[in-house]
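# Chain and residue survey
Here is what each chain is made of, one letter per residue.
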Amino acid sequence: MRVLFVCLGNICRSPTAEGVLRHKLRAAGLEQWVRVDSAGTGDWHVGKAPDQRTRLAAQRRGYALEDLRARQVEPADFQHFDLILAMDRDNLADLQRLRPAGAPAALDLFLRRYQLAVDEVPDPYHGGAAGFEQVLDLIEQACDGLLQEIRGRL
Ligand code: 4NP
């Protein structure tokens, strides 16, 4: 199974989701069965490591993000992934526009798919430290739902 997380810059929310899911897959002994990646709809941060605030907040909860590098989502991703999960509605709308006709990937809003109380992971980039903790709280919860889906599909 192949899962792609998508946000705007690929330096805060989607690399966090990538790191959290990898961590949970490893703990469950399922890492070898699932390919995990992340990308941004924008290209401003291509090649960069995750934002330092994101890295530090993740590190405090035991997730290592420093080896990740930002890339922009591309039409071929819709051929190469089974499931593409958007962090907010803007990301979802951008992905719907980019999606080639007939492409096999399922596309969904990450939090909605796993029935959290809110639908979107708020963009933390221009806010304070609490935003980065909220991103982690939401993503950890949604990744538990995703892990259950993965178990059911493997
Ligand atoms: P992300 O956060 O989409 O979660 O990676 C952002 C990162 C950078 C910008 C916006 C959001 N930016 O405007 O540069």
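To keep things clear, this report deals only with the structure shown in the data block. All values reported here derive from a predicted model rather than from experimental measurement.

## Brief notes about the nonpolar core
Formed by 37 residues in total, the largest nonpolar core has its most connected members in Phe5, Phe110, Ile139 and Leu146. Per-element accounting of this core gives the leading share, 10 residues, to helix 6 (residues 129-153). If we skip the residues at most four places from it in the chain, Phe5 touches Ser14, Ala17, Glu18, Leu21, Val36, Asp37, Ser38, Ala39, Leu85, Met87, Phe110 and Leu146. If you look at the next biggest cluster of nonpolar residues, it comprises 14 residues, including Val6, Val73, Ile84 and Leu107.

## Structural notes on the site of the ligand
Contacts to the ligand come from Cys7, Leu8, Gly9, Asn10, Ile11, Cys12, Arg13, His45, Asp123 and Tyr125. The backbone of Asn10 places a nitrogen or oxygen atom 3.2 Å from an oxygen atom of the ligand. Cys12 is positioned with one of its backbone polar atoms (N or O) 2.9 Å from an oxygen atom of the ligand. Coverage of the ligand by the protein amounts to 90% of the 350 Å² it exposes when considered alone. Within the shell around the ligand, the residues separate by chemical class into 5 nonpolar, 3 polar and 2 charged.

The rules we used
- Residues numbered from 1 in each chain as written.
- Predicted model: local features only at pLDDT ≥ 70, side-chain atom pairs only at ≥ 80, totals over all residues.
- Heavy atoms only, no water.
- Core = buried A, V, L, I, M, F, W, Y, C linked by side-chain atoms within 4.5 Å.
- Buried < 20%, exposed > 50% of the residue type's maximum accessible area, 1.4 Å probe, protein only.
- Helix = DSSP H or I, 4+ residues; strand = E, 2+ residues; numbered from the N terminus.
- Contact = heavy atoms within 4.5 Å.
- Near = heavy atom within 4 Å.
- Polar contact = N/O pair within 3.5 Å; in protein donor to acceptor, adjacent residues only side chain to side chain.
- Areas by Shrake-Rupley, 256 points an atom, 1.4 Å probe, with all protein chains shown as cover.
- Nonpolar A, V, L, I, M, F, W, Y, C, P; charged D, E, K, R; others polar.

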